[in-house]
Amino acid sequence: MTTVTGFEDTRFGSQSTFFQLDDQWRSATGKGVSVAVIDSGIDTSHPEIDGRVRASFEARVDNKKVVFDPSEAGDSAGHGTACAGIISRIAPDAELYSIKVLGAGGLGDGHAFLAGLEWAVKNRYRVINLSLGTTKPQFFAPLHDLLDRAYQAGCIVVAAANNLPQPSFPSVFSSSLISVIKSEDTDPMKFGFHYGQVIELTAPGVNVRTAWPGGGYRNLTGNSFACPHIAAIIALLLEMHPGLTPFQVKSALYAIAQENQEGKSTN
Amino acid sequence: MPGNKNTDLDAKLRRVIETIDIGNLLVEPLTRSIEQLLSASAATMGSNDASVLIRDGDEGDLRFLAAIGEVADQLRDLKVPAGKGIAGFVLSSGQPMVVSDVGGEQTFYAEVDKATGYSTQMMLATPLRYNDEVIGVLEYINRSGPPPWEPFTPAEMDKAALCADAIASLVNAYESAKLFRDLSERLMSDGDEELADARAWLRGVRDTAEHKEMMELALLLRELASRGDAERAMCRELLDAVLRFSDSRSETSFLGY
């Protein structure tokens, strides 16, 4: 049983309890929870992913606007399939939605992924995996606005931190999303939470073995692969507690990570 | 230009052409410098094979600009279609990626390996950024020595990002020089009759003894700069002395002596 409280601050003592989270989520499978993967597409025929992708969409520019069409293009880069593989392994019954914003000719900049995020929020996918970001300052304000809209719509956006020593958006926004950076841990359940740091969550992201287009597997390193670990954990939590708000989900992650940390220090 | 009475404009244009030509002369060995930097960085990464890919057109395609290692000659000028493979992802996302076990199925790297006879096993790919734009991709392939190899580490990802910054500056200089050269070549070879006057004028500028002398001086400077620190320091001292002499002479002339 995990007691979910506010973020504890020793200056003011412990906050009041929000809710009790039993351990059933640990054996959940993400059933009934929609998870959007905004990325390079997904190889839906991969054995680990086959049957789990409910729909695939692809960005296309039409009259200077980005529109989304049903897609059968799969994934020519591998990144989206790798993220989907991680989610499928932890939350095998989660309903995946592929939103392909990378890979199309001339569509590589922030506009496509901003449009993809907007599309995901409009469709009210409960969890949105965003292993992407942009460092371009012109996207700060529109992304901030969009992330607030996602928060208000109850969509839980999980974003990967920049792998380069430079802040990227939206991962540096603190309040409206959950940002993740890689750790060398290997157990997906043993994620960490560093309250007060710009990127709060840590999850496995070094040498992660996951699905790759064509039916194979790769060992991959990057914050991109830490992000879907947390997206999948959230899918497990939401299966057992569908009514959780983004704020409550973050609080639950914090409480679980505290327990993980205590477990580590007593072991 | 012929028939143009505006001599001020003519002089300014001459100066632009001189600057472009000198710029081209000075940056010509940039690909060699990129390869030297690539070799040095690959050594610190514990890898023998590395390559620099740059944007090719506006559709997200890439082409190999520089490469070191076993199959470097075969890679140069090879193209990577938009969004394909790890390099395509790194270009479009602006994020680095470390992959082990690259070979295997029918992937883009399997195609490249088939063409080159090489065996790509692992890779670290990181974006080349200049002014917040991703202009290309830097890749390190496999490790030195016989396999099995340790995968590239997060610390090496950070190190590669630093190397990428230095290489990106050189790539940007190369791209600028290439743009000027291509524009100039197009102007000189274009059959458009309307530009005949401009071509004649440009040829005239380049044929002057003064312009040729300036190019020789630029070449000399480039040669000296490549000789070593001591030569560069001596060269700078001498040139500073020449400048001071020139300044004092013009001041003297101004006083009417």
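For the rest of this paragraph, the subject is the overall build of chain B. Scanning chain B from N- to C-terminus turns up nine helices and six strands. Within chain B, the proportion of its 257 residues that are buried is 40%. Put simply, 59% of the contacts in chain B that link residues at least 6 apart link residues at least 24 apart. Working note: accessible area of chain B is about 14,400 Å², and carbon and sulfur atoms make up 55% of it.

All names here are of chain A. In the contact formed by helix H2 (residues 110-122) and helix H3 (residues 140-153), the axes pass within 10 Å of each other and the chain directions differ by 15 degrees. As far as their axial angle goes, H3 and H2 are roughly parallel. Here H2 and H3 pass one another in a crossing that is left-handed. Contacts from Phe 113, Leu 114, Leu 117, Glu 118 and Val 121 in H2 reach Pro 142, Leu 143, Leu 146, Leu 147, Arg 149, Ala 150 and Ala 153 in H3. Tallied by class, residues from the contact of H2 with H3 come to ten nonpolar, no polar and two charged.

Here we come to the packing of aromatic side chains. Aromatic ring pairs are described here by two measures, namely the spacing of the ring centres and the angle between the planes. All names here are of chain A. Under the defined criterion, the tally for this structure stands at eight aromatic pairs over all chains. Seen in terms of ring centroids, Phe 57 and Trp 119 are 5.1 Å apart; in terms of plane orientation they differ by 65 degrees. Their pairing is edge-to-face. Pair noted here: Phe 57 is in strand E4 (residues 53-62) and Trp 119 is in helix H2, with a separation of 62 residues, a long-range link. What makes Phe 57 buried here is its relative accessible area of 16%. The partly exposed category is assigned to Trp 119, whose relative accessible area is 24%. A centroid spacing of 5.3 Å and a plane angle of 25 degrees characterise the contact between Phe 68 and Trp 119, whose relative ring orientation is stacked. With a gap of 51 residues between them, Phe 68 in strand E5 (residues 65-70) and Trp 119 in helix H2 connect regions that are remote in the sequence.

A few words on a nonpolar patch on the surface. A cluster of nonpolar side chains, Leu 179, Phe 180 and Leu 183 of chain B, forms an exposed patch at the surface whose accessible area comes to about 300 Å². Within the element layout of this structure, Leu 183 of chain B appears in helix H6 (residues 154-189).

Before going further, it helps to spend a moment on the nonpolar core. Within the largest apolar cluster, 109 residues are counted, with the highest numbers of intra-cluster contacts made by Val 101, Leu 117, Ile 128, Ile 230, Ile 234 and Leu 253 of chain A. With twelve residues, the single largest contributor to this core is helix H4 (residues 223-240) of chain A. Excluding residues that lie within four positions of it along the chain, Leu 117 of chain A makes contacts with Ile 38, Ile 128, Leu 130, Leu 143, Leu 146, Leu 147 and Val 157 of chain A. In terms of nonpolar packing, the next biggest core, distinct from the first, is built from 27 residues, Ile 34, Ala 50, Leu 138 and Ala 160 of chain B among them.

Residues and elements named next belong to chain A. Read across the open sheet, the nine strands follow the order E5-E4-E6-E3-E7-E8-E9-E11-E10; overall the sheet is mixed. Taken across any chain shown, the strands that pair with only one partner, and hence form the sheet edges, are E5 and strand E10 (192-193). Where strand E8 (residues 156-160) lies against strand E9 (residues 178-183), three bridges are found, and the strand directions are parallel. For Ala 160, the partnering residue across the bridge sits in E9 and is Val 180. Along the sheet, helix H1 (residues 79-90) contacts strand E3 (34-39), strand E6 (95-100) and strand E7 (127-130); its crossing angle with E3, the most-contacted strand, is approximately 155 degrees.

Contacts between the two partners involve 34 residues from chain B and, on the opposite side, 34 residues from chain A. Here chain B meets chain A over a buried area of about 2,500 Å², counting both sides, of which 53% is carbon and sulfur. Glu 133 of chain B is the salt-bridge partner of Lys 136 of chain A, the closest N and O atoms lying 3.6 Å from each other. Where chain B meets chain A, there are seven residue pairs in polar contact (both at pLDDT 80 or more). Looking at the side of chain B that touches chain A, the elements with two or more residues in it are helix H4 (85-93), strand E4 (97-100), strand E5 (123-130) and H6 of chain B. Among the elements that take part in the side of chain B that touches chain A, H4 of chain B stands out by supplying five residues, more than any other.

To continue, consider the pairing of strand E13 (residues 216-221) of chain A. Across a regular strand the side chains alternate sides, sitting on one face of the sheet and then on the other. Buried residues dominate E13 of chain A, accounting for five of its six residues. Where strand E12 (residues 208-212) of chain A and E13 of chain A come together, five bridges link them in antiparallel fashion. In the sheet register, Ala 211 of chain A faces E13 of chain A, and the bridge partner there is Tyr 217 of chain A. Connecting E12 of chain A to the antiparallel partner E13 of chain A that follows it, the hairpin turn spans three residues, and Gly 214 of chain A within it adopts a positive phi of roughly 100 degrees. Here E13 of chain A pairs with E4 of chain B via three bridges, running antiparallel. The residue bridging Asn 219 of chain A from the neighbouring strand is Ser 100 of chain B, located in E4 of chain B.

Quick look at unusual backbone geometry now. The phi angle of most residues is negative, glycine excepted, and most peptide bonds adopt the trans form. Between Phe 169 of chain A and Pro 170 of chain A the backbone carries a cis peptide bond, its omega angle lying at 5 degrees. Position of Pro 170 of chain A relative to the elements: it lies in the loop between E8 and E9. Put simply, Pro 147 of chain B and Pro 148 of chain B share a cis peptide bond, and its omega is 5 degrees. Along the polypeptide, Pro 148 of chain B turns up in the loop between strand E6 (133-141) and H6. Here Asn 63 of chain A, not a glycine, exhibits a phi torsion of approximately 55 degrees, which is positive.

The rules behind these values
- Residues numbered from 1 in each chain as written.
- Chains lettered and ligands numbered in written order.
- Predicted model: local features only at pLDDT ≥ 70, side-chain atom pairs only at ≥ 80, totals over all residues.
- Heavy atoms only, no water.
- Helix = DSSP H or I, 4+ residues; strand = E, 2+ residues; numbered from the N terminus.
- Buried < 20%, exposed > 50% of the residue type's maximum accessible area, 1.4 Å probe, protein only.
- Contact = heavy atoms within 4.5 Å.
- Areas by Shrake-Rupley, 256 points an atom, 1.4 Å probe, with all protein chains shown as cover.
- Axes fitted to C-alpha atoms, helices over the stretch in contact; angles between N-to-C directions.
- Parallel < 35°, antiparallel > 145°, perpendicular 65-115°, else oblique.
- Left-handed = near helix turned anticlockwise from the far one by under 90°.
- Nonpolar A, V, L, I, M, F, W, Y, C, P; charged D, E, K, R; others polar.
- Phe/Tyr/Trp six-rings, centres within 6.5 Å; stacked < 30°, edge-to-face > 60°.
- Patch = residues over 30% accessible without salt bridge, like charges linked within 9 Å, V, L, I, M, F, W, Y side chains within 5 Å.
- Salt bridge = Lys/Arg side-chain N within 4 Å of Asp/Glu carboxyl O.
- Core = buried A, V, L, I, M, F, W, Y, C linked by side-chain atoms within 4.5 Å.
- Pairing = 2+ DSSP bridges.
- Buried area = accessible area lost by both parts, 1.4 Å probe.
- Polar contact = N/O pair within 3.5 Å; in protein donor to acceptor, adjacent residues only side chain to side chain.

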